[in-house]
Amino acid sequence: MSPERVAVVGAGAVGVTAAYDLAARGADVTVFERGDRVAAASSGRAAGVLYDAYAEDVDAELGARSMERFRSFSGDGGFRLRECPYVMLARDGDDARAEAIDAAAARMRQHGRDVDTVSGAELGRRFPALRTDDVAAAAVASNAGWTDPASYVELVARKAVDAGAELRLNAAVSVSTSPPAVTVSGTGSGGDAAATRPFDAVVVAAGAHTAALLGEAGVALPLKPYRVQALVGADGYDGPMCYDATAGVYFRPHPDGLLGGDGTVPEEADPDDWDRDGDDWFVADTREVLRHRADYDAAPERAWAGLCTATPDGDPLVGAVADGVYVAAGWQGHGFMRAPATGELVAEQVLGERDGPASFDPTRFDGDREFEIREGMVVEERREASD
Ligand SMILES: Cc1cc2nc3c(=O)[nH]c(=O)nc-3n(C[C@H](O)[C@H](O)[C@H](O)COP(=O)(O)OP(=O)(O)OC[C@H]3O[C@@H](n4cnc5c(N)ncnc54)[C@H](O)[C@@H]3O)c2cc1C
């Protein structure tokens, strides 16, 4: 029997999408968010780079479905998808990444993605805003764009409420299994702090807090939060989105000028105690790459950090971890752009309409498995799960 009452923990991009898809299909949905607004955590700090250019078949399909949904939502409320090509490049002398870009682009095309392999000279002709005389390999993904991530979360939260979901802010919860239930531990506007409510199903889309939350419920998951960073400069930039893989920096146009980022710190962060400001080294390194690649020299007007979550093999954990309890987390820096499809996927799993891909099975590892955090924005092949 399909679950009737579903709790969604977390009103980030993934949680609100799952809530919308569940409510639109007739479930009685309550969303619990510990913050005082939606997009209060990683989704509100993301860069909003969107594309379907993935080399793995499952990722390519989810990326394409997400772009389709972003496009269909664009223009509703304050949400706009800004169409913009995405360039991946490696520099002369970086043979490993140059080969990886060529190989990945070929696999993206095998999965039906609109991705061209181009020479440095051709790249320069297409995008005069980029310096290209040092480019060893490049690929251009056309099904790509950018947005303000919070505007997506706000729109889809409103659509979920319009479809009948209840959204409870200032409502930090703990989760229990057998039977599935949530207990509101935060005070705020909820009014029934410490009351435990049973649900037919609970979806935990709590971002960087997911492992701690489910760990307290006795479900150990191999998920580690880590910091990544972004900055905004106030001078205009009228070029494509670009990922300089050799430098480990990406940038895109932004309404205030330009947004640049990466600044991965591959160390486990405490989701309740981490530095929200951009590091000086990140700002200095990113400015150097922007000067080199796009002749862009504006001092950043702001720089910040946020948390991503890593898994042992770089694939997320999406699906049931106990009877009626589901997880959706572990996006390795690609959670926002895939949220329209992964939120839909977990909703359909909850409703028994669809199985998730085996590569996302959240029970594929021992929860206490040791692993090192690896950067999400990479062009190299993914690790095998057995590494
Ligand atoms: C600087 C930066 C740049 C990024 N750029 C991109 C990008 O360009 N493209 C991309 O695809 N991804 C990007 N990411 C990654 C992206 O932000 C995440 O993958 C994505 O936002 C994850 O969404 P989520 O809904 O899973 O988690 P979140 O947005 O973190 O949502 C989880 C929610 O759960 C809530 N919560 C936690 N614990 C509880 C509890 N106990 N009770 C109730 N609520 C709780 C939190 O308050 C939060 O609102 C970037 C991340 C950062 C930090």
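Undergrad: Teacher, can you tell me more about the overall build of the chain here?
TA: Helix and strand content of the chain: nine helices and 20 strands. In terms of C-alpha radius of gyration, the chain reaches 20 Å, essentially the compact-globule figure of 21 Å for 387 residues. Principal axes of the C-alpha set define a box for the chain whose edges measure 60 × 40 × 35 Å. When the 387 residues of the chain are sorted by exposure, 57% land in the buried category. Put simply, 72% of the contacts in the chain that link residues at least 6 apart link residues at least 24 apart. Here the chain has roughly 15,300 Å² of accessible surface; of this, 44% comes from carbon and sulfur atoms. Of the side chains in the chain, 37 bear a positive and 66 a negative charge, and the two mean positions are spaced by 4 Å.

Undergrad: What am I meant to see in the site of the ligand here?
TA: Around the ligand sit 39 residues in total, of which Glu33, Ser43, Val49, Val173 and Met337 are the nearest. Contact distances for the ligand include 3.0 Å between an oxygen atom and a backbone N or O atom of Gly335. Here the ligand loses 96% of its free accessible area of 1,000 Å² to cover by the protein chains. For the shell around the ligand, the elements supplying multiple residues, two or more each, are α1 (13–24), α2 (42–45), β14 (224–233), β18 (300–310) and α9 (335–350). Tallied by class, residues from the shell around the ligand come to 24 nonpolar, twelve polar and three charged.

Undergrad: Looking at this model, I keep getting lost on the sheet that holds strand β3 (residues 49–51). Mind explaining?
TA: Sheet strands line up and pair through hydrogen bonds in the backbone, either parallel or antiparallel. The strand order β3-β8-β4 describes an open sheet built from three strands, whose pairing is antiparallel. Two strands in the sheet have a free side with no partner beyond their single neighbour: β3 and β4 (82–83). By the bridge criterion, three bridges tie β3 to strand β8 (residues 144–146) in an arrangement that is antiparallel. When the sheet's bridge partners are listed, Tyr51 is paired in β8 with Ala144. Its contacts with the sheet put helix α3 (residues 57–73) on β3, β4 and β8, and the angle it makes with β3 is roughly 115°.

Undergrad: Honestly, the pattern of salt bridges in this entry has me stumped. Any pointers?
TA: Pairs can form between side chains of opposite charge once their charged atoms are near each other. Considering all chains together, one arrives at 32 salt bridges under this definition. Between Asp94 and Arg97 there is a salt bridge, with the nearest N and O atoms lying 3.0 Å from each other. Using a relative accessible area of 27% as the deciding quantity, one classes Arg97 as partly exposed. Across the salt bridge formed by Asp134 and Arg293, the nearest N and O atoms sit 2.8 Å from each other.

Undergrad: How should I be thinking about the domain arrangement of the chain in this particular structure?
TA: As a measure of interface size, the accessible area lost when the parts come together is often cited. Considered domain by domain, the chain is made up of domain 1 (5–46 + 149–223 + 312–360) and domain 2 (224–310). On a C-alpha basis, the centroid separation for the pair domain 1 and domain 2 is 27 Å. Contact with domain 1, which involves 13 residues of that partner, is made by 14 residues of domain 2. Each partner contributes to the roughly 1,100 Å² buried at the junction of domain 1 and domain 2, and carbon and sulfur atoms together form 49% of this total.

Undergrad: Where do I start with the sheet that holds strand β7 (residues 135–141) in this structure?
TA: Here we have eight strands laid out as an open sheet, ordered β6-β7-β5-β15-β16-β17-β14-β18, and mixed in their pairing. Each edge of the open sheet carries a strand with a single partner, namely β6 (115–118) and β18. For this sheet, the mean angle separating the axes of adjacent strands, direction not counted, is 20°. Strand direction decides the pairing type here: β6 and β7, joined by four bridges, are antiparallel. Counted as the bridge partner of Val115 is Ala141 from β7.

Undergrad: What is the right way to read the side chain of Asp279 from this model?
TA: Mapping Asp279 onto the fold places it in the loop between β17 (257–265) and α8 (280–294). Within the structure, Asp279 has its side chain in polar contact with the side chain of Arg227 (distance 3.1 Å). Once residues within four sequence positions are removed from consideration, Asp279 is found in contact with Arg227, Gln229 and Val265.

Undergrad: I keep staring at the nonpolar core and nothing clicks. Help me out?
TA: Nonpolar side chains in soluble globular proteins tend to be buried together. Within the largest apolar cluster, 78 residues are counted, with the highest numbers of intra-cluster contacts made by Leu22, Val29, Tyr51, Phe70, Tyr86, Met88 and Tyr152. There are two domains that each give this core at least three residues, and those are domain 1 (5–46 + 149–223 + 312–360) and domain 2 (224–310). What Met88 contacts, discounting residues up to four positions off in sequence, is Ala53, Ile101, Met108, Ala137, Ala138, Ala139, Ala141 and Tyr243. Counting residues in hydrophobic clusters, the runner-up holds 23 residues, among them Ala171, Val202, Val204 and Phe365.

Undergrad: Sorry if this is basic, but what is going on with the pairing of strand β5 (residues 86–91) here?
TA: For a regular strand, the rule is simple: side chains alternate between the two faces of the sheet. Most of β5 is tucked away, with six of its six residues classed as buried. Burial along β5 is two-sided: Tyr86, Met88 and Ala90 and Val87, Leu89 and Arg91, pointing in opposite directions, are all buried. Where β5 meets β7, six bridges bridge the pair, whose relative direction is antiparallel. Each bridged residue has a counterpart across the sheet, and for Val87 the counterpart in β7 is Val140.

Undergrad: Sorry, what's going on with the layout of surface pockets here?
TA: As a volume, the second largest pocket reaches approximately 270 Å³. For the second largest pocket, the lining is made up of 19 residues, of which Thr147, Asp148, Pro149, Arg252 and His254 are closest to its centre. Sorting the residues of the lining of the second largest pocket by element identifies α2, α6 (149–162), β16 (249–254) and β18 as the ones contributing at least two each. Classifying every residue of the lining of the second largest pocket gives eight nonpolar, five polar and six charged.

Calculation rules
Residues numbered from 1 in each chain as written. Predicted model: local features only at pLDDT ≥ 70, side-chain atom pairs only at ≥ 80, totals over all residues. Heavy atoms only, no water. Helix = DSSP H or I, 4+ residues; strand = E, 2+ residues; numbered from the N terminus. Rg over C-alpha atoms; globule rule 2.2 N^0.38 Å. Buried < 20%, exposed > 50% of the residue type's maximum accessible area, 1.4 Å probe, protein only. Contact = heavy atoms within 4.5 Å. Areas by Shrake-Rupley, 256 points an atom, 1.4 Å probe, with all protein chains shown as cover. Lys, Arg positive; Asp, Glu negative; His and termini not counted. Charge placed at Lys NZ, Arg CZ, Asp CG, Glu CD. Near = heavy atom within 4 Å. Polar contact = N/O pair within 3.5 Å; in protein donor to acceptor, adjacent residues only side chain to side chain. Nonpolar A, V, L, I, M, F, W, Y, C, P; charged D, E, K, R; others polar. Pairing = 2+ DSSP bridges. Axes fitted to C-alpha atoms, helices over the stretch in contact; angles between N-to-C directions. Salt bridge = Lys/Arg side-chain N within 4 Å of Asp/Glu carboxyl O. Domains from an automatic or database assignment. Buried area = accessible area lost by both parts, 1.4 Å probe. Core = buried A, V, L, I, M, F, W, Y, C linked by side-chain atoms within 4.5 Å. 1 Å grid on protein atoms, 1.4 Å probe; cavity = no way out; pocket = protein on both sides within 12 Å on 5 of 7 lines; lining within 4 Å. Points joined across faces, edges and corners; volume = space filled by probe spheres on them.

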